[in-house]
Every structure is written in structure tokens, then in C-alpha cells.
Amino acid sequence: MKRPRQDVEASHRLISRRAAILGGVQLAFVAGLGARMQFLQVEQADQFRLLAEENRINIRIIPPARGEVFDRNGVPLARNVPSYRIVAVREDTGDIEEVLSRLGKVVALDEEEIERAKAEMKRSAPFLPVTVADEVTWDDLSRVSVNAPALPGVTPEVGLTRVYPFGSDYAHVLGYVGPVSDYDLDRLEDPDQLLRIPRFQIGKVGVEAKAETLLRGKGGAKRVEVNATGRVMRELDRREGTQGADLQLTIDSGLQSYVQARLLNESASAVVMDVTNGDLLAIASAPTYDPNLFVGGISTTDYNGLLNNKFRPLASKTVQGAYPPGSTFKMMTAMAALEEGLIGTDDTVHCPGHLEVSGRKFHCWKRAGHGWVDLQNSLKQSCDVYYYDLALKVGIEKITAMANRFGLGVRHDVPMSAVTQGLTPTKDWKQRTHSQDWVIGDTVNASIGQGYMLASPLQLAVMTARLASGNSVSPRLIKSVDSIEQASGGGISMGMNENNLRKMRRAMFDVVNDRRGTAYGSRIIAENMRMAGKTGTSQVRNISAAERARGVTRNADLPWERRDHALFVNFAPYDNPKYAVAVVVEHGGGGSVAAAPIARDITLQALYGGEPPLESYPTKDRGRVREQQRVLRNIEPIANIDGKDQA
């Protein structure tokens, strides 16, 4: 059927109107585009010709300020201070050799630094600024600015560099920063563009490395206009980056400095841990080094001096060192037997000076033996035979399981470098590692912390804190991030029989406070400050039957590296435990002689929050302690907060 004529005409009129509207819109768009092109190509032609022919727009990364690090009381431990430097951009310098030659006539340049800068320019992007001279004076900066027309691509800058106000006291905790190396870049799949900036500083070891992502921040960018000679004409716009997070550690700087000074002249380490929340108040290794030497790049001479030192100043012994724990491990063997119900606290064992197992004699440290001893007396006098006998009853699997519960053989999550797991052996471990069967003698050795058993000072401090509290205390080193408190390490109840723990603590109390205790000479006199502890001496050499027959050679008569390690662990106050302390003196001889006095002094310093009164010490020690305190006052450093040279 045909449509009516009027309907067809109306439809044609509607289509014509739509076509007219669409055509008008298109015409308006073309007219606007033409007007914009005329504005850019005619009216702005001179400006864009100038930019195209004589100037260029460069985009440059703005390094963020690195986050700073503070102690638990807000004392700065790692700071950023202004540093004047001279940088050069390869694509703007033209003849780099000629420009650097001219620069050398304006300021004094180190030839080694110049060669390094040239090498960095070759392997870096041409638009990246490379540091030619670092930490220059204000006068040098002024001379470069005055001579800028003759130095294309060379720019004086004010940047930030890292400074460690306490120097060597925090070297093993904080670590240090240094320029990004090819090795650093190769380890990362998709490195941050900041790391491409030559001489950009990143954390190398310690907290600086482990918290690198937090501390680094995020880079910004700026657009600058440079002329044909490479000179910056003006900054067009800027987008600031984000400063790295500030960290607050659990460390007490006063206590840390004291501990470091007290360990002077020893190859040793010490850890002070809060029993209630796991805070590490001090964690020190000796000897140490100055991390400020590494910030700009340490010299070969200085580095070789540290590397070849037999006392290993570069090693953080508190977390990297793994030592036979010796008699400090006896509490683990005893707890395994007690929790299994295999012994009673009053059960006795006869010690004639040795125990024969499978045709082999295992000797006690006291050649004549201790006679009949129970648990408390065995720990107080550190009788080895008592624990040999326990080991035969308990077995290595249960001993190791108990040690693990108390934090031994566990890699604790602290942001320090190369944290060791230590070693708490099992039958399966020996088979997998050495392809050998476990023998009963291995268990006997392990019962007194010898043989395959290894632990770090940090692990020994954790063990002691758990004995003192009965809770699964874990070490905490970072207290807050940008003022946000981090999780406590207080833990929960370990589910141990409280009566067994009380017996163990009392035996440790007698070690220090009973006249027959192995650490009686290092006791604390102040009634409400008394400590409980355990000495340890771990052998680093085998003693032959012939040597034992003629008399074991004294440590003092042996070369340093063949002497026994000295250990001591303790907690205090005994009635209301607050701090746990672990001290290891490498090749120090006996724990009661070398390690216990250091641990006692550190414990008192922590308890009093500073220098303790002489009345806290036994009368016979007060003269020596008075002189020691005087010497240590002169050793403890005054922090260089501003990072300036001090006379």
C-alpha cells in the first residue's frame, strides 16, 4: 500500500534539517581547528621556533629525601645533611674532555673521581646528571656558577647525603648506604628509575638495606628548558616526590653506646632484650667500624684493613655469629626432660668426673667430679655428667624440639643482614647433610651445647627472655614507621608447666647468687636488682686423651683463635623480670671470667637507665668498677647530630 504524499514530504523535510545541523557542527569544528592552527603556526611561530632551534625541554628525575632513623627516644641515628656537588649531563656538555679540563681549572678535581665520572657517563642515559665532584665547598660552587657560560652541561647542586651521628656504635644495626652498583641493579627484575641515577644512594646492609623500600621514598620530576649550550634557562614545572618513611628503632642510644664501649678491646657481642615486649634495647658487636666511610665510597686501603682484620669488624656477630652455646644450653635439656616427666627436680645423678657411653668417656669440666647432684645443683655448678645422663633418657628429637620452642634453631625476623638460623640437629638432618647415621655420642654432646649445636647471641637472648617470662617473646627492632606503632613481640603463653619454669629460674638464680655458683663473682648486690643467669664455655678444639692425661692446656697458654668461647645469659630483676641479656666473647676462655662480668655491667646499666651506683656491686669490685666507669665515660661518644666535622 502506498504512503500518503504528505507523509513523504514531511519525512524529506526532517532529513534535510538533520543534514543541515550536522553540516553546521562539522563546519564549526573545522573553523575552530583552523583558528587554533593559525594561532600556533602564525602568532606563536617565533616562540616555538626559538624552543625548537635553540632550546630543548628536558625532564629530570628529582631524588626524594631518604627517610631518617631515630632511637626509641627520638634521638637521630641516621640523618640527611646538605651536600654541595657538581654534576654534568653528557648530552649537554658537547666535548666532555674539554669541559672537564676547563672545570679542573676552576675547582680542584680528584683524578680518580674524574675517571669514575667518565665511566658513569658512558654507561648512563645521556640526559642523567652524573656527579663529577661531591662534598665540595661553597666557594667551589660559587666559582662554577660564575664560569657557567664556559662550562656547558655542568651544574652546581645542593643535595642530601647520609650521615650517622653515632659513628661506629650503630654500624652493625643500621648498616650504611652507598652508590647503586651494577650488582644492585642485576638483582632486581624491574628496578626503580631512581636507581638509574648515577651515584644514587641505597642501603647496602643492615636496616638501611632491609628497609630500603620504606626509606627510599618515591622520586619526583621537573621539566627544565636548556639552551643550545646545555645551560638551564628556566624550570617550567615541577612535581615533587614523596619523602621516605622515618623509622624509630627500639634501641636506646645511651645503652647502645655504653654496651659498645664496654665491649672495647674484645671480639664480642651483646644483646639486651625487653622480656615483656621483645624490644631490642641494645644489639652490639665488637670490633666495629665507621659507616660514614662507606657513604661516598670507601677507599681500597680502608676496606682491605677491615676485611683482613682477624676480629671481623664487618660481621654483625649478634645475628650472623653461630656459636656452640655450651652450658647455656643445659636449661633446654633439663626443660625437655621435665616437660616429658622423665625426671623429678629432686632426682640425683652421681658425677665421678666422666660418663662412659658406648665405650667412650665423656668428661665433666671438673676432673674430680661433682659427686651426687640434683637439677638445681647441677645447673648451679654446671655439672656436665648430669646432662649427659639426661640426654640418654630424653633423646635428641625431644631436646631439639624444646630448643626450637625457646627460639633456638629459628631465624628471627629482624631487619639486619645475614640473620642466621643457627642449628638444632636431628637424626634426619645428619643423614641429609652428612650421609651418616646419628650416634648416641652426638646426643650426649648436644646435651651440653656442643657437637653440632649452634646458636647466635640474639637467639640466646630470646631463649632467656622466654625462660624468664614463660611467653613466646619475639625480638622487635623497628618500633614505629612514620609514627605508626609496629606490632609488639610480647607473644603469648608457651604453655609450659609453670612449676618447671620456676625451678629453672631458681637454679639460674643460684648460679649467680650462691657461693658455689659458677657466676657468683659477677652477682648484683642491690636487693631488688638481683639477676639469674647461666655461664657457658664452648670448646673450639678437640682435646686428645694424651693432653687430658697430662693436664688440659690452659686457655691463656693457647693462641687466641684456639681458646674457648665465653658465654653468659641472664635476666633481671629476678622477682620481676624486665631485661634479658646475652653476651658472647669469642675465644674469651671461661664464661664466668670473660662474659659474666660484662653481662652484669650491661644489666645494671639497663636497670638504672644510666651509670649504676657502686653500691650495686660487691665490695671487692668497687675500686675496679669506679676506674672502669671513669674510662668508659671518656669512650662513649657524643653524637654528631649536624653531620659536621668535629675537632
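Above this text you will find the structure in question.
This is a predicted model, so every value here is computed, not measured.

Some points on the overall build of the protein chain
The helix and strand inventory of the protein chain stands at 25 helices and 21 strands. Buried residues in the protein chain amount to 51% of all 647 residues. When contacts within the protein chain are restricted to residue pairs at least 6 apart in sequence, those whose partners lie at least 24 apart make up 72%. Surface summary for the protein chain: the accessible area is close to 30,700 Å², and the carbon and sulfur share equals 50%.

Describing the pattern of salt bridges
Close approach of charged atoms lets side chains of opposite charge pair. Evaluated as defined, the whole model comprises 30 salt bridges. Notably, a salt bridge pairs Arg-262 with Asp-601, separated by 2.8 Å at the nearest N-O pair. Linking Arg-262 in helix α11 (residues 253-262) with Asp-601 in helix α24 (residues 591-608), this pair joins segments that are 339 residues apart in sequence. Accessibility expressed as a relative area gives 0% for Asp-601, which makes it buried. Three or more residues joined by partner-sharing salt bridges are found here, namely Arg-66, Arg-162, Asp-192, Glu-208, Glu-212 and Arg-216.

Considerations on the packing of aromatic side chains
Under the criterion given, the structure shown has 11 aromatic pairs. Summarising the aromatic geometry, the rings of Tyr-176 and Phe-294 are spaced 4.1 Å apart at their centres and angled 20° between planes, so their arrangement reads as stacked. With Tyr-176 in strand β6 (residues 176-179) and Phe-294 in helix α12 (residues 292-295), this pair connects stretches of sequence that are 118 residues apart. We note that Tyr-176, like Phe-294, is buried. The rings of Tyr-176, Tyr-289, Phe-294 and Tyr-303 are connected pair by pair, giving a single aromatic cluster. One cation-aromatic arrangement involves Arg-523 over Tyr-520; the distance from NZ or CZ to the ring centre is 3.9 Å.

Here we look at helix α15 (residues 330-339)
Counted residue by residue, α15 has 9 buried out of 10 residues, so it is predominantly covered. Once α15 finishes, Gly-341 follows within two positions and takes phi at roughly 70°, a positive value.

A look at the side chain of Thr-328
Considering the arrangement of structural elements, one finds Thr-328 in the loop between α14 (317-320) and α15. Take Thr-328: its relative accessible area is 0%, and that puts it in the buried class. A polar contact of 2.6 Å, which involves the side chain of Thr-328, links it to the backbone oxygen of Pro-325.

Some details on the state of the cysteines
Summed over the entire model, instances satisfying the criterion amount to 0 disulfides. For Cys-364, which is in no disulfide, the shortest distance to another cysteine sulfur is to Cys-351 and amounts to 4.0 Å. Taking relative accessible area as the criterion, Cys-364 reaches 4% and is therefore assigned buried. Of all cysteine sulfurs in the structure, the one in Cys-351 sits closest to Cys-383, which takes part in no disulfide; the separation is 3.6 Å. Given the relative accessible area of 0%, Cys-383 is considered buried.

With respect to the environment of Met-273
Here Met-273 is to be found in strand β11 (residues 268-274). For the pair formed by Met-273 and Val-581, sequence separation is 308 residues and the distance between their alpha carbons is 6.4 Å.

What about the nonpolar core?
Generally speaking, a soluble globular protein has its nonpolar side chains buried in company with each other. Among the nonpolar cores identified, the biggest contains 136 residues, and Phe-406 and Leu-467 are the most heavily contacted of them. Setting aside residues no more than four positions away along its own chain, Leu-467 makes contact with Met-331, Met-332, Met-335, Phe-406, Leu-501, Met-504, Arg-505 and Met-508. Counting residues in each nonpolar core, the second largest holds 19 residues, with Leu-103, Val-106, Ala-117 and Val-136 among its members.

So, the pairing of strand β19 (residues 532-538)
With 6 of 7 residues buried, β19 lies mostly within the body of the structure. In this structure, β19 lies alongside strand β20 (residues 565-572), joined through 7 bridges in antiparallel fashion. From the neighbouring strand, Ser-538 faces β20, where its bridge partner is His-565.

Examining unusual backbone geometry
Here the residue pair Ala-286 and Pro-287 is connected by a cis peptide bond, since its omega of -5° sits within 30 degrees of zero. Its location among the elements puts Pro-287 in the loop between β12 (280-286) and α12. The linkage connecting Ala-572 with the following residue, Pro-573, adopts the cis geometry, with an omega of -10°. The residue Pro-573 is located in the loop between β20 and β21 (579-585) in this model. In this structure, Ser-358 is a non-glycine residue whose phi angle is positive, near 55°. One can find Ser-358 in the loop between β14 (354-357) and β15 (360-363). We classify Ser-358 as exposed; its relative accessible area is 69%. One non-glycine residue, Ser-483, adopts positive backbone phi at about 70°. Relative to the elements of secondary structure, Ser-483 occurs in the loop between β17 (478-481) and β18 (484-485). Under the relative-accessibility criterion, Ser-483 is labelled exposed at 73%.

Calculation notes
- Residues numbered from 1 in each chain as written.
- Predicted model: local features only at pLDDT ≥ 70, side-chain atom pairs only at ≥ 80, totals over all residues.
- Heavy atoms only, no water.
- Helix = DSSP H or I, 4+ residues; strand = E, 2+ residues; numbered from the N terminus.
- Buried < 20%, exposed > 50% of the residue type's maximum accessible area, 1.4 Å probe, protein only.
- Contact = heavy atoms within 4.5 Å.
- Areas by Shrake-Rupley, 256 points an atom, 1.4 Å probe, with all protein chains shown as cover.
- Salt bridge = Lys/Arg side-chain N within 4 Å of Asp/Glu carboxyl O.
- Phe/Tyr/Trp six-rings, centres within 6.5 Å; stacked < 30°, edge-to-face > 60°.
- Lys NZ or Arg CZ within 6 Å of the ring centre and 35° of its normal.
- Polar contact = N/O pair within 3.5 Å; in protein donor to acceptor, adjacent residues only side chain to side chain.
- Disulfide = S-S within 2.5 Å.
- Core = buried A, V, L, I, M, F, W, Y, C linked by side-chain atoms within 4.5 Å.
- Pairing = 2+ DSSP bridges.

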